[in-house]
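So you can see what is in the structure, the chains are spelled out below.
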Amino acid sequence: MTDRFAVIGNPIGHTKSPLIHGLFAEAMRQAISYVAIEGPLEPEDGFERVVRRFAAEGGKGLNVTAPFKLKAFALADVRSERAALAGAANALKFEGGRIVAENFDGIGLLRDIEANLGVPLARRRVLLLGAGGAARGALLPFIGAGPAELVIANRDLSKGEALVAQVGAQGGALHACGYGELAAMGRFDVVVNATSASLTGDLPPVPPSVFSPAGTAYELAYGKGLTPFLRLARNAGVHGVADGVGMLVEQAAEAFEWWRDVRPPTSAVIDRLAVPLD
């Protein structure tokens, strides 16, 4: 029997998820179907109706992308700690009549940085740009990796401070700052752009002095080549630059394992989707 899975978002035509999960299923000899669903923006309960119908018709799980991650979180009966901190879900599982929510964005990002790029965060200075959903999803996995310092920089300092306060005692050497403070903070070993600036070709207001030439600059956006953020890092002498294609594939692998209890290999899929950073 073929189990049914899907990704839901709006717009959804650009999604790579059916390709990724199709390659995973082929590699692991899993009998699944995986399609893309364009969720309705109206009426207000349109997303919920589509999700519940998919589950009622035998669907086993959904990946969730913009703009429905918050609605997916709110709809769930059970939420993981990662999803709760992010306030958003990027994966749902239907079991025993319940909707279970997870957020694999952060763990996928961490796995790409540490396993694929070979850059452990332990005892390193890490700068996370942005305090929105992407940054929130990354926070618990990053803290668990044991950095010497983890700084959240955001235009609205109060949002960064609220996120630090929410994490509380788990945070260790975690603190927030405004972009204007970065010039006096020295170099970071890893700088991650978790803002949406690159989606519109913009650049977060970070000084080149935050980059260490021996460090890593990571862009969550993918498939856009050398974004303004990555170009800034390159011009600052950073050789280790990466975009988010590895994160995309790794979070998908986490969801696949969550649903199927087998973890697919990712390196060939990442290579297939990667675009040159030049």
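Report on the accompanying structure.

Parameters and conventions
- Residues numbered from 1 in each chain as written.
- Predicted model: local features only at pLDDT ≥ 70, side-chain atom pairs only at ≥ 80, totals over all residues.
- Heavy atoms only, no water.
- Phe/Tyr/Trp six-rings, centres within 6.5 Å; stacked < 30°, edge-to-face > 60°.
- Helix = DSSP H or I, 4+ residues; strand = E, 2+ residues; numbered from the N terminus.
- Buried < 20%, exposed > 50% of the residue type's maximum accessible area, 1.4 Å probe, protein only.
- Lys NZ or Arg CZ within 6 Å of the ring centre and 35° of its normal.
- Axes fitted to C-alpha atoms, helices over the stretch in contact; angles between N-to-C directions.
- Parallel < 35°, antiparallel > 145°, perpendicular 65-115°, else oblique.
- Left-handed = near helix turned anticlockwise from the far one by under 90°.
- Contact = heavy atoms within 4.5 Å.
- Nonpolar A, V, L, I, M, F, W, Y, C, P; charged D, E, K, R; others polar.
- 1 Å grid on protein atoms, 1.4 Å probe; cavity = no way out; pocket = protein on both sides within 12 Å on 5 of 7 lines; lining within 4 Å.
- Points joined across faces, edges and corners; volume = space filled by probe spheres on them.

1. A look at the packing of aromatic side chains
Each aromatic ring pair is described using two quantities: the centre-to-centre distance and the angle formed by the ring planes.
No. 1: Taken as a whole and judged by the stated rule, the model has 6 aromatic pairs.
No. 2: On the numbers, 5.7 Å between centres and 75° between planes, the contact of Phe 24 with Phe 256 is edge-to-face. Of this pair, Phe 24 sits in helix H1 (residues 17–28) while Phe 256 is found in helix H9 (residues 245–260), placing the two residues 232 residues apart along the sequence.
No. 3: When its relative accessible area of 1% is taken as the criterion, Phe 256 is described as buried.
No. 4: Seen in terms of ring centroids, Phe 104 and Trp 258 are 5.5 Å apart; in terms of plane orientation they differ by 70°. Their pairing is edge-to-face. Linking Phe 104 in the loop between strand E6 (98–102) and helix H5 (105–116) with Trp 258 in helix H9, this pair joins segments that are 154 residues apart in sequence. Grouping residues by exposure puts Phe 104 and Trp 258 together as buried.
No. 5: The ring centre of Phe 188 lies 4.1 Å from the NZ or CZ of Arg 125, which sits over that ring.

2. Re unusual backbone geometry
No. 1: The omega torsion of the bond from Asn 10 to Pro 11 falls at 0°, within 30 degrees of zero and hence cis.
No. 2: Here Pro 11 is to be found in the loop between strand E1 (3–9) and H1.
No. 3: Here Glu 42 and Pro 43 are connected by a cis peptide whose omega angle stands at -5°.
No. 4: Among the structural elements, Pro 43 can be located in the loop between strand E2 (32–38) and helix H2 (46–56).
No. 5: At Arg 123, a residue that is not glycine, the phi angle is positive and equals roughly 65°.
No. 6: Tracing the backbone through its elements, the reader meets Arg 123 in the loop between H5 and strand E7 (125–129).
No. 7: You will see that Asp 261, though not glycine, has its phi angle at about 65°, which is positive.
No. 8: Structurally, Asp 261 is set in the loop between H9 and helix H10 (267–273).
No. 9: When its relative accessible area of 68% is taken as the criterion, Asp 261 is described as exposed.

3. Remarks on the packing of helix H6 (residues 133–144) against helix H7 (residues 157–167)
No. 1: Where H6 contacts H7, the two axes come as close as 12 Å, and the packing angle between them is 45°. Relative to H7, the element H6 lies oblique. Crossing geometry of H6 relative to H7 is assigned as right-handed. Within the contact between the two elements, H6 uses Arg 136, Leu 139 and Ile 143 and H7 uses Leu 163, Gln 166 and Val 167.
No. 2: Of the residues belonging to the contact of H6 with H7, the class tally is 4 nonpolar, 1 polar and 1 charged.

4. Re the layout of surface pockets
No. 1: Taken as a whole, the largest pocket encloses approximately 1,300 Å³ of empty space.
No. 2: Considering only residue class, the lining of the largest pocket consists of 23 nonpolar, 18 polar and 9 charged.
No. 3: Quantified by volume, the second largest pocket comes out at close to 170 Å³.
No. 4: If you trace the second largest pocket, you find it lined by Asp 112, Asn 116, Leu 117, Val 241, Ala 242, Asp 243, Val 245, Gly 246, Ile 270, Ala 274, Val 275 and Leu 277.
No. 5: Elements that contribute at least two residues to the lining of the second largest pocket include exactly H5, strand E12 (240–242) and H9.
No. 6: When grouped by side-chain class, the residues that make up the lining of the second largest pocket number 8 nonpolar, 2 polar and 2 charged.

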